[in-house]
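# Per-entry structural report
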Amino acid sequence: MIKAGIIGATGYAGAEIARLLLAHPQAEVVWYGSRSYIDEKYSSIYGNFFKLVDAKCMDDNMEELADQVDVIFTATPQGLCASLVNEDILNKVKIIDLSADFRLKDVSVYEKWYKIEHKAPSYIEEAVYGLCEINRKDIAKARIVANPGCYTTCSILTAYPLVKEGLIDPDTLIVDALSGVSGAGRGAKVANLYCEVNESAKPYGVANHRHTPEIEEQLGYAAGKEIVINFTPHLAPMNRGILATEYASLIKKDDKLPTYEEVRVAYEKYYKNETFIRLLDKDVYPETRWVEGSNFVDINFKIDERTGRIIMMGAIDNLVKGAAGQAVQNMNILFGLSEDMGLKLVPAFP
């Protein structure tokens, strides 16, 4: 049985990890860490755990926690994991970090976009970017897994095969994405109040959202070169979900655009055998309601012959595949378990 600790257990992503691990046949949570709720019963904070979890919240003492568990999930704001991790801890446990502390390989890029000093730059190089479908071989050997962001998971997986196969010009890539309000976390913010969000949709982080360099870096590896994209996130009046709509110029071969069949073959090359990626039937487009509460990514595309561009679309649950579900998937890989263990979740509807 894998013993797990969660630092940041009272945030939305941390609570989702707790929910998933409660039903996991080979894992158990032994530490619910929360600086804000020390000694409070976990089920008093999240009533859905009533009579399921009797534990009280502990602090975020990673040193003490490392002696009690096999894996630590850090579902915390940027900077905390990097400030706590050290060699002694990493010699005892695996760390799956849901913040951005170890996602970007260039510390100067991290500090520029996140506006904080990186506290553990020596571990950036060894940390593995935990996008399971692309990096599972490296994840299996990792001590630190950098769990990808929610927007980035959806955006990268939606475009990855076409970038990798050279079917699109990645420098023409435009990503428009919608997110549910839970993506902003549980902290109280005026902009996230019901009356501020309901019956409205808005762009934010225009031309400067912090997930932009993460998308560029990972798709740049696929392209074999540095790329620059436009990424615009939008807040939508829903609890969960991300829908990414992406546009790029197709690369002609012998003065002809790739056909539907050629693009489909590219997607199937990478995703046909992936449990959690569902390539939809022709002209059926992703919807957030069909992935809610699950670890699935729904993907499809449409070729626009008139403009010579392709429209790629993807949908995920931002708290599951975009955070906690992917973290558990990474845990399964780290400990040699079936990748879908504890994650065989049918999307919840309505």
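To keep things clear, this report deals only with the structure shown in the data block. (Residues numbered from 1 in each chain as written. Predicted model: local features only at pLDDT ≥ 70, side-chain atom pairs only at ≥ 80, totals over all residues. Heavy atoms only, no water.)

Let us look at the side chain of Glu16. Looking at the element boundaries, Glu16 is found in helix α1 (residues 12–22). With relative accessibility at 4%, the residue Glu16 sits in the buried group. Engagement of the side chain of Glu16 in a polar contact is seen with the side chain of Arg240, the distance being 3.1 Å. Setting aside its immediate chain neighbours within four residues, Glu16 contacts Arg240, Leu319, Val320 and Ala324. (Helix = DSSP H or I, 4+ residues; strand = E, 2+ residues; numbered from the N terminus. Buried < 20%, exposed > 50% of the residue type's maximum accessible area, 1.4 Å probe, protein only. Polar contact = N/O pair within 3.5 Å; in protein donor to acceptor, adjacent residues only side chain to side chain. Contact = heavy atoms within 4.5 Å.)

Here helix α7 (residues 132–139) crosses helix α12 (residues 320–334) at 35°, and the two axes come no closer than 10 Å. Both α7 and α12 take part in a crossing whose hand is right-handed. Every residue of α12 that contacts α7 at Cys132, Glu133, Arg136 and Ile139 is listed here: Lys321, Gln326, Gln329, Asn330, Ile333 and Leu334. (Axes fitted to C-alpha atoms, helices over the stretch in contact; angles between N-to-C directions. Left-handed = near helix turned anticlockwise from the far one by under 90°.)

Should their charged atoms come close, side chains of opposite charge can pair. Evaluated as defined, the whole model comprises 20 salt bridges. The partner of Asp60 in a salt bridge is Arg35, and the shortest N-O contact between them spans 2.5 Å. One end of the pair, Asp60, is in the loop between α2 (42–45) and α3 (62–66); the other, Arg35, is in the loop between β2 (27–33) and α2, with 25 residues separating them in the sequence. Taking relative accessible area as the criterion, Arg35 reaches 57% and is therefore assigned exposed. Between Lys269 and Glu165 there is a salt bridge; the shortest N-O distance is 3.0 Å. Note that Lys269 is positioned in helix α11 (residues 260–271) and Glu165 in the loop between α8 (150–164) and β7 (174–179), a separation of 104 residues in sequence. Where salt bridges share partners, they join Glu16, Arg19, Arg240 and Asp317 into one cluster. (Salt bridge = Lys/Arg side-chain N within 4 Å of Asp/Glu carboxyl O.)

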